[in-house]
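# Observations on chain architecture
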Amino acid sequence: MNREELEAYIRNHYAAQPDYPWADTPRAAVFRHAGNRKWFALVMEVLRDKLGLAGTEKLDIVNFKCDPILIASLRGEPGIFPAYHMNKSSWITAALDGSVQAKTIELLLDVSYELTKPKIRRKPANRKEADDTKI
């Protein structure tokens, strides 16, 4: 999956449009939830050597919020890296150069979307239940 395919997938499956928050990096696109404005994907380009790869050509990547157990299981897979410029314990980076299978990117996108979606707050069913929750 390349950058254009990923962005089209996000628009079609999550109805999210890219946001370009930084003037100095116009190709860095953030995809957010409408309800809470939390990011679920950050698409950008970095130099290959910033990821420990040979060469200094630019490479499109995407960062996803991810479960730490899933991060550990994906380490070492081709095209998967510790999160670039993000918290490495809860974010992961995938290359958008075809080295990561589309189904893996779609899974990571789903996980990230779920981890960052707005929380539903439940109102207590009755006054007694509300009083029981107070400490």
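Keep in mind it's a predicted model, so treat the numbers as computed, not measured. (Residues numbered from 1 in each chain as written. Predicted model: local features only at pLDDT ≥ 70, side-chain atom pairs only at ≥ 80, totals over all residues. Heavy atoms only, no water.)

### Digging into the pattern of salt bridges
- This structure, assessed with the given rule, holds nine salt bridges.
- For the salt bridge of K58 with E45, the shortest nitrogen-to-oxygen distance reads 3.6 Å. Note that K58 is positioned in strand β3 (residues 58–65) and E45 in strand β2 (residues 39–47), a separation of 13 residues in sequence.
- K117 is paired through a salt bridge with E114; the nearest N and O atoms lie 2.7 Å apart.
- The class of K117 is partly exposed, set by a relative accessible area of 35%. (Salt bridge = Lys/Arg side-chain N within 4 Å of Asp/Glu carboxyl O. Helix = DSSP H or I, 4+ residues; strand = E, 2+ residues; numbered from the N terminus. Buried < 20%, exposed > 50% of the residue type's maximum accessible area, 1.4 Å probe, protein only.)

### Describing unusual backbone geometry
- The backbone of R37 sits at a positive phi, close to 65°, despite the residue not being glycine.
- Within the fold, R37 resides in the loop between β1 (29–32) and β2.

### Section: the pairing of strand β5 (residues 91–95)
- Counted residue by residue, β5 has five buried out of five residues, so it is predominantly covered.
- Along β5, one buried face is formed by W91, T93 and A95 and the opposite face, lined by I92 and A94, is buried too.
- In this sheet, β5 lies alongside β3 in antiparallel orientation, the contact comprising five bridges. Bridged to K65 within β5 is W91.
- By the bridge criterion, three bridges tie strand β4 (residues 80–82) to β5 in an arrangement that is antiparallel. (Pairing = 2+ DSSP bridges.)

### Observations concerning the side chain of S90
- Of note, S90 is situated in the loop between β4 and β5.
- Beyond its immediate sequence surroundings of up to four residues, S90 is in contact with F64, K65, C66 and I71. (Contact = heavy atoms within 4.5 Å.)

### With respect to the side chain of D60
- Here D60 shows up in strand β3.
- One polar contact links D60 to R3, side chain to side chain, over a distance of 3.4 Å. (Polar contact = N/O pair within 3.5 Å; in protein donor to acceptor, adjacent residues only side chain to side chain.)

### Structural notes on the nonpolar core
- Judged by nonpolar contacts, the single largest core of 24 residues is most densely connected at L6, I10, F64 and L109.
- Of all the secondary-structure elements, those providing two or more residues to this core are α1 (3–14), β1, β2, β3, α2 (68–74), β5 and α3 (102–116).
- The element contributing the most residues to this core is α1, with four residues.
- Look past the residues within four positions of L109 in its chain and what remains in contact with it is L6, Y9, I10, Y14, F40, A41 and F64.
- Within the second largest apolar cluster, 13 residues are counted, among which are V30, L59, I61 and M86. (Core = buried A, V, L, I, M, F, W, Y, C linked by side-chain atoms within 4.5 Å.)

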